[in-house]
Amino acid sequence: MSDPMISLDGVTKRFASGSNAVEDLSLDVPKGETVVLVGPSGCGKTTTMKLINRLVEPTTGTITVNGVDILRQDPVELRRSIGYVIQSIGLMPHRTVEQNIGMVPRLMGWPGSKIADRVRELSEMFELDATLLKRYPSELSGGQRQRVGVARALAADPPVMLMDEPFGAVDPIVRERLQDQFLALKAELAKTIVFVTHDIDEAIKMADRIAILNTGARVEQYAPPLEILRDPANDFVRDFVGAERGLKRLALSIVGDIDVEKGPVVSRTASVAEAEAEMDRSGFDWVSVVTDGELAGWVDRDALKGVSTVGDAKARPFSAYVTAEDSLRQALDSIVTSRTNVAVVVSEGQRYRGILTLEGLSKGLSS
Amino acid sequence: MDVLVEALELLFDGSNWTGSMLDSGSILTRLWEHVFISVTSVALAIVVALPLGLYIGHRRRFEALVINLSNVGRALPAFAVLALAYTVALRWQISFEFWPAFIALFLLAIPPIVTNTYVGVKEVDADVVEAARGMGFSEIEVLRRIEIPLSLPLIVAGIRTSLVQVIATATLAAITAGGNFGRFIQNGFARQERPLILAGAILVALLAIAAELLMALVEKAVRQRSTESPDATVFDEVGLGPGVEAA
């Protein structure tokens, strides 16, 4: 936190109407991180975001972006260095997709060829078909419009992005796809992002850090998602994060984060007696069969009847595996749906890594 | 029927177009005068009304004041304005052939343009404007690249209404010795020559219809250009609203 990209210091904004106010807010957004402001409606989260690009001017307090006091900058220049996406996107209806994406570079006086290159680059990044570029916004689907909106905000490659419920206007399936796509892009874009949402699940998914805001934009907790799920600072946060706190944590952690158990495993050259000893040792009534480190399947006592080595028995494939990159939520799903109540963990090329059980999962979470 | 036949005979007589029709001037001369005063008064009205409408639509300030003030031009009978301007013209020793009528028509032309421009700008999707502003459009750029293009069809509709009203009303200018199609009507009444009255009336009507059609074409072209998207329907809905002069 030594080098915040955006810093709000004692910022207050009051409106005549009294709602959406911000009271004495201090918040640092570290460079390159995605900070999600989340809170109930009217809590001032959108106001907070608009204070950063001066669409709303603070009553008192100081805001710096990249170390510079924004009140000392020309608002128009400031805004051109900050990408801005709102829920309704607000594409210009009388301009084509291409013109919409290129609008900020055009304002900044880029040469036409450079704008065209940039538009092409962004449309590829956001999987917008070349034929879409000549269309008008009203001819696009909701998801396409959202992607054009985000592409447009990125056009002049601003170091900072402000996003106000950018995926709010589409159905849940499209939303999830847009979120995944943006998460994948985010890693390579290295932007500092302030993201506003009222949806705690979206916050948990998108954030490096979440600020949970109460009325007046009071920060109830400002921490990485896992920390908020593990250690809610108070009842407000606990209520806001809601039920299924544990499940949400599972979604955020991956199998690679926790230790796996060795599980019952033998090589295919092992004798039946060795296999049975392994079952007795581990307390399972089956063993995984591994050939040169590669998982072949599993056998139980019945399958071993009348054969001399494990390799002679017919190994049955596991119905599902998990890998180190899968979330613990997927591992849990695999555990409860498998006949054996175990998730088998493999790495690339079906290499056997071990197993996960319910006990292992909860032990891993509490550590 | 005789009157109509005689009126049509006057109009179809080619010599009346270039030479004087019943000592009241040639049709072409009167046409030029009629078009000239109509177009110039509407042009000046555009110069005044357009910036006003854009300003109050963009800034959302002084809206009621400006709209009400501009409606004075509509509330005052053109005839009264003409009379008033005439006395002023006499008092100040300026030409009372052209200026009194010009002022009356100018005032008449303002309200539809102000109102339509204002409503057109105001009705532009607030999210489009916010997104643009948030990404670094200056106020002028918001106006130039978004609000004006999107409200252009409605602005043109306002100009169309003004122009047609002005062409119809310009006939009054003949009362203060101004020359145009109204001269035929005026002289016809003065001399009890009913065919001349009717010929003048037909000419005014035809000119008004021609202007209406021409502006309708312009409006259509602008509408297609500025909003190729189906979103354009918003303007039709607006046009039906109270106090809006979308023809």
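In this text, all values refer to a predicted model and were calculated from it rather than measured experimentally. (Residues numbered from 1 in each chain as written. Chains lettered and ligands numbered in written order. Predicted model: local features only at pLDDT ≥ 70, side-chain atom pairs only at ≥ 80, totals over all residues. Heavy atoms only, no water.)

*Asks:* How should I be thinking about the overall build of chain A in this particular structure?
*Replies:* Broken down by element type, chain A carries 14 helices and 16 strands. Here the C-alpha radius of gyration of chain A, 26 Å, is well above what a compact globule of 367 residues would show, namely 21 Å. In terms of principal-axis extent, the alpha carbons of chain A reach across some 85 × 50 × 35 Å. Here chain A, with 367 residues, has 51% of them falling under the buried criterion. Considering only residue pairs separated by 6 or more positions, chain A has 61% of its internal contacts joining residues 24 or more positions apart. Accessible surface for chain A amounts to roughly 16,500 Å². Of this, 47% is attributable to carbon and sulfur atoms. Averaging the coordinates of the 43 positive side-chain charges in chain A and doing the same for the 52 negative ones gives two points 5 Å apart. (Helix = DSSP H or I, 4+ residues; strand = E, 2+ residues; numbered from the N terminus. Rg over C-alpha atoms; globule rule 2.2 N^0.38 Å. Buried < 20%, exposed > 50% of the residue type's maximum accessible area, 1.4 Å probe, protein only. Contact = heavy atoms within 4.5 Å. Areas by Shrake-Rupley, 256 points an atom, 1.4 Å probe, with all protein chains shown as cover. Lys, Arg positive; Asp, Glu negative; His and termini not counted. Charge placed at Lys NZ, Arg CZ, Asp CG, Glu CD.)

*Asks:* Even after reading the chapter, I still don't get the pattern of salt bridges, so can you show me in this structure?
*Replies:* Any two side chains of opposite charge can pair, given that their charged atoms come close. All names here are of chain A. With the rule as written, the count across this model stands at 25 salt bridges over all chains. Note that Arg14 is salt-bridged to Glu23, the shortest N-O span being 3.1 Å. Judged by its relative accessible area of 51%, Arg14 is exposed. Judged by its relative accessible area of 37%, Glu23 is partly exposed. Of the charged contacts, one joins Glu98 and Lys134 as a salt bridge, the two residues approaching to 2.8 Å between their closest N and O atoms. Highlighted residues: Glu98 in helix 3 (residues 97-101) and Lys134 in the loop between helix 5 (112-125) and helix 6 (142-154), separated in sequence by 36 residues. (Salt bridge = Lys/Arg side-chain N within 4 Å of Asp/Glu carboxyl O.)

*Asks:* How should I be thinking about the interface of chain B and chain A in this particular structure?
*Replies:* In many analyses, interface size is given as the accessible surface area lost on bringing the parts together. Listed by partner, the interface residues are 21 residues for chain B and 25 residues for chain A. Buried area between chain B and chain A, both sides added, is near 2,000 Å², and the carbon and sulfur share of it is 64%. Between the two partners, chain B and chain A, sit two salt bridges. With its nearest N and O atoms 3.0 Å apart, the salt bridge here joins Glu141(B) to Arg80(A). Where chain B touches chain A, the interface holds five residue pairs in polar contact (both at pLDDT 80 or more). At the level of elements, helix 8 (126-134) and helix 9 (139-169) of chain B are the ones that each hand at least two residues to the side of chain B that touches chain A. With seven residues, the top contributor of residues to the side of chain B that touches chain A is helix 8 of chain B. When its residues are assigned to classes, the side of chain B that touches chain A shows nine nonpolar, five polar and seven charged. (Buried area = accessible area lost by both parts, 1.4 Å probe. Polar contact = N/O pair within 3.5 Å; in protein donor to acceptor, adjacent residues only side chain to side chain. Nonpolar A, V, L, I, M, F, W, Y, C, P; charged D, E, K, R; others polar.)

*Asks:* Explanation requested: the side chain of Arg118(A) in the structure shown.
*Replies:* Relative to the helices and strands, Arg118(A) resides in helix 5. Apart from residues lying up to four places away in sequence, Arg118(A) is in contact with Trp110(A), Leu154(A), Ala155(A) and Asp157(A).

*Asks:* Could you clarify how one ought to interpret the nonpolar core in this entry?
*Replies:* Nonpolar side chains tend toward joint burial in soluble globular proteins. Residues and elements named next belong to chain B. Ranked by size, the top nonpolar core spans 49 residues in total, and within it Met21, Ile27, Val114, Phe181 and Phe184 carry the most contacts. Elements with a contribution of two residues or more to this core: helix 1 (2-12), helix 3 (27-59), helix 4 (63-70), helix 6 (78-91), helix 7 (99-122), helix 9, helix 10 (181-191) and helix 11 (194-226). Per element, the largest residue contribution to this core is 12 residues, and it comes from helix 7. Contact partners of Met21, with chain neighbours within four places excluded, come to Leu10, Asn16, Ser26, Ile27, Phe184, Leu196 and Ala199. (Core = buried A, V, L, I, M, F, W, Y, C linked by side-chain atoms within 4.5 Å.)

*Asks:* Help me understand helix 6 of chain A in this model?
*Replies:* In an α-helix, one turn spans 3.6 residues, which is why side chains three or four residues apart end up on the same side. All names here are of chain A. Along its 13 residues, helix 6 runs 19 Å from first to last C-alpha, staying within 8% of the 18 Å computed at 1.5 Å per residue. Within helix 6, 11 of the 13 residues are buried, which leaves the element mostly enclosed by the surrounding structure. When we look at burial in helix 6, the residues that qualify are Gly143, Gln144, Gln146, Arg147, Val148, Gly149, Val150, Ala151, Arg152, Ala153 and Leu154. (Expected span 1.5 Å × (residues − 1).)

*Asks:* So what exactly am I meant to see when it comes to a negative patch on the surface here?
*Replies:* A contiguous patch of negative charge, built from Asp2(B), Glu6(B), Glu9(B) and Asp13(B), is present on the exposed surface. Looking at the secondary structure, you find Asp2(B) in helix 1. (Patch = residues over 30% accessible without salt bridge, like charges linked within 9 Å, V, L, I, M, F, W, Y side chains within 5 Å.)

*Asks:* What's the story with the packing of aromatic side chains in this structure? I'm lost.
*Replies:* Where two aromatic rings form a pair, the distance of their centres and the angle of their planes describe that pair. Tallied over the full model, the rule gives 13 aromatic pairs over all chains. Measuring from ring centre to ring centre gives 5.8 Å for Trp286(A) and Phe318(A), while their planes differ by 75 degrees; the resulting arrangement is edge-to-face. Linking Trp286(A) in strand 12 (residues 286-291) with Phe318(A) in the loop between strand 13 (294-300) and strand 14 (321-322), this pair joins segments that are 32 residues apart in sequence. Assigned by exposure class, Trp286(A) and Phe318(A) land together as buried. Judged by centre distance (5.5 Å) and plane angle (45 degrees), the ring pair of Trp32(B) and Phe36(B) falls under tilted. On the criterion of helical spacing, the pair formed by Trp32(B) and Phe36(B) is a turn pair, its members being four residues apart in helix 3. Here Trp32(B) falls in the exposed class, since its relative accessible area comes to 56%. Taken together, Trp32(B), Phe36(B), Phe98(B), Trp99(B) and Phe102(B) form an aromatic cluster joined through their ring pairs. Here Lys13(A) stacks its cationic end above the ring of Phe15(A), 5.2 Å away from the centre of that ring. (Phe/Tyr/Trp six-rings, centres within 6.5 Å; stacked < 30°, edge-to-face > 60°. Lys NZ or Arg CZ within 6 Å of the ring centre and 35° of its normal.)

*Asks:* Help me understand a nonpolar patch on the surface in this model?
*Replies:* A cluster of nonpolar residues, Val88(B), Trp92(B), Ile94(B), Trp99(B) and Ile103(B), forms a patch on the protein surface that exposes about 500 Å² of accessible area. Here Ile94(B) lies in the loop between helix 6 and helix 7.

Purely geometric numbers; function is a separate question.
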